[in-house]
Amino acid sequence: MIAKIGRGANIIGALSYNQLKVDKENGEILATHRIRETVNGSYTVAQLYHSFEPYLIANKRTEKPVLHISLNPDPRDQVSDENFKQIANDYMKLMGYQDQPYVVFKHTDIERTHIHIVSTCVDRNGKKISDTYEKFRSMDACRELEQKFKLIPATAKEHNPKKELFRPVDYRAGNIKSQLASVVRQLPKYYQFQSLGTYNALLSLFNITAEEVKGELHGKPKQGLVYFVLNEQGEKVSNPFKSSLFGKHAGLENLQKQFEKSKEKMNPSSSKTILKNTIEIAMHTATNETEFKKQLLEQGINFVARRNTEGRIYGMTFIDHESRTVWNGSQLGKNLSANVFNEWWKSEDIVKRQTSIPNKLHHLSSKEKDNPTAETEQPHHLFDFMNKGEVANTNSNFGLIEAFGGILPEVQGEDYEEQAFANQMKKNKKRRKQGGKK
């Protein structure tokens, strides 16, 4: 079993992500601990938040008080719901969180059934619970639980060569061809994408880009792909490598077949709706692009923004590592197209949207006191917060919290986007100053 512990500041984001799976019948709440009960056993994000609120209010100085833990048995393990509940309970006890409020969600939208635990690492007095040697203690806890519940040990897979797949190419390290091969030979086998553009967005996470080349051979038109390595600024730093060097999976002909197959599989997929809703939540709770990126990373989602020389976004692509699908924003919905994002984080528009989610939650809490059954009999929909334009201030940065076996990409190589965003903010500030002087 593999455990991943994420930390952040956005409890609403963590709860919303998991509740979306429940709403779409791709998950369920297996268990709760120190969480207020409801009349019908169903929960909303607002109701769950109330149980965490006293701990978060009492928090003295911990910047990332939210825990988002995933526990991932081997796909071959057959774990019952009762065992999942006990595994979660035992894990929290072994990690020192047995007295904390927490919710256990089971996810079933992919073949690897697993659980998520949302909790907080500050106690009721606002003091942070020690995380000393947390990784080692977590590994020990997993080994103990593997023995207790007769699970396949994760250590048995430590030398699986697939664990070396999908590492970003480091052009400074040499052996560039070998590094490229380890990505482009295997990546198309595991991810679904519908165009060369979305494939390139995925490749960019690994400091790679592909270009189509056309020509003639013996009077016949020929097409192919060449691959380049990129630096931190997204600039080519290598000679072109023909796709034929890496086998048929990396070639244009095979990729074009995959584009068509992916279209058939992706469009009816429930993961499309979950991804769209997750992005919409992040849009309404993040006040700038950097926070937006961090919130999506919490849920195992990358985005790649393509900009012109003036810094204007002309393309948005989202990579969902859990469903292993790659989408252009316009494919998910008109409200996720590039034009929308160009306007979304303008300061005057943020002010119009910025009403705090905690205020809404206090409002819901007072309504429950007046009529204790109203909220549970008619649960508010998850997007009550979002549809009324209410925003929570966040500064979360869990990183990728999901374990995807041996093929989880170590997502990096997007620093150039951060720098581009920072540069654009400086330009905007300079323009405002110049406009004020006029």
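The structure under discussion appears in the preceding block.
Please read all numbers here as calculations on a predicted model, not as lab measurements.

Thresholds, definitions, all that
- Residues numbered from 1 in each chain as written.
- Predicted model: local features only at pLDDT ≥ 70, side-chain atom pairs only at ≥ 80, totals over all residues.
- Heavy atoms only, no water.
- Helix = DSSP H or I, 4+ residues; strand = E, 2+ residues; numbered from the N terminus.
- Buried < 20%, exposed > 50% of the residue type's maximum accessible area, 1.4 Å probe, protein only.
- Areas by Shrake-Rupley, 256 points an atom, 1.4 Å probe, with all protein chains shown as cover.
- Phe/Tyr/Trp six-rings, centres within 6.5 Å; stacked < 30°, edge-to-face > 60°.
- Pairing = 2+ DSSP bridges.
- Axes fitted to C-alpha atoms, helices over the stretch in contact; angles between N-to-C directions.
- Contact = heavy atoms within 4.5 Å.
- Parallel < 35°, antiparallel > 145°, perpendicular 65-115°, else oblique.
- Left-handed = near helix turned anticlockwise from the far one by under 90°.
- Nonpolar A, V, L, I, M, F, W, Y, C, P; charged D, E, K, R; others polar.

1. A few points about the overall build of the protein chain
Here is step 1: Tallying secondary structure elements over the protein chain gives 17 helices and 13 strands in all.
Here is step 2: Taken over 438 residues, the protein chain has a buried fraction of 51%.
Here is step 3: A total of about 21,500 Å² of accessible surface is found on the protein chain, and carbon and sulfur atoms cover 48% of it.

2. Considerations on the packing of aromatic side chains
Here is step 1: On inspection of all chains with the given rule, the structure shows 8 aromatic pairs.
Here is step 2: Judged by centre distance (6.0 Å) and plane angle (80°), the rings of Tyr 227 and Phe 246 are edge-to-face. Residue Tyr 227 is found in strand β7 (residues 220-229), and its partner Phe 246 is found in the loop between β8 (241-242) and α8 (252-266); the two are separated by 19 residues along the sequence.
Here is step 3: Among the residues examined, Phe 246 registers a relative accessible area of 3% and is labelled buried.

3. Overview of the sheet that holds strand β2 (residues 27-33)
Here is step 1: Sheet architecture is open: 5 strands sit in the order β1-β3-β5-β4-β2, paired in antiparallel fashion. Each having just a single partner strand, β1 (2-8) and β2 make up the two edges of the open sheet. When the angles between neighbouring strand axes are averaged without regard to direction, this sheet yields 20°.
Here is step 2: With 7 bridges connecting them, β1 and strand β3 (residues 66-72) associate as antiparallel partners. What sits directly across from Ile 2, in β3, is Asn 72.
Here is step 3: Each of β2, β3, β4 (102-107) and β5 (114-120) is contacted by helix α1 (residues 11-23), which is oriented at about 150° to β5, the strand it contacts most.
Here is step 4: In the packing of helix α2 (residues 45-58) onto the sheet, contacts are made with β2, β4 and β5, and the angle to β5 comes to roughly 45°.

4. Some details on the environment of Ser 51
Here is step 1: By the secondary structure assignment, Ser 51 is in helix α2.
Here is step 2: Take Ser 51: its relative accessible area is 7%, and that puts it in the buried class.
Here is step 3: Each C-alpha atom of the pair Ser 51 and Tyr 102 lies 8.9 Å from the other, and the pair is 51 residues apart in sequence.
Here is step 4: With residues near it in sequence (within four places) discarded, Ser 51 still touches Arg 34, Ile 35, Arg 36 and Pro 101.

5. A short note on the side chain of Thr 62
Here is step 1: With respect to the helices and strands, Thr 62 occurs in the loop between α2 and β3.
Here is step 2: With near-sequence residues (within four places) excluded, Thr 62 lies in contact with Cys 121, Val 122 and Lys 128.

6. Focus on the packing of α1 against α2
Here is step 1: At a minimum axis distance of 10 Å, the contact between α1 and α2 shows a crossing angle of 150°. It follows that α1 is roughly antiparallel to α2 by the angle criterion. Here the hand of the crossing between α1 and α2 comes out right-handed. In contact with Ile 11, Ile 12, Leu 15, Ser 16 and Gln 19 of α1, α2 contributes Val 45, Leu 48, Tyr 49, Phe 52 and Leu 56.
Here is step 2: When its residues are assigned to classes, the contact of α1 with α2 shows 8 nonpolar, 2 polar and no charged.

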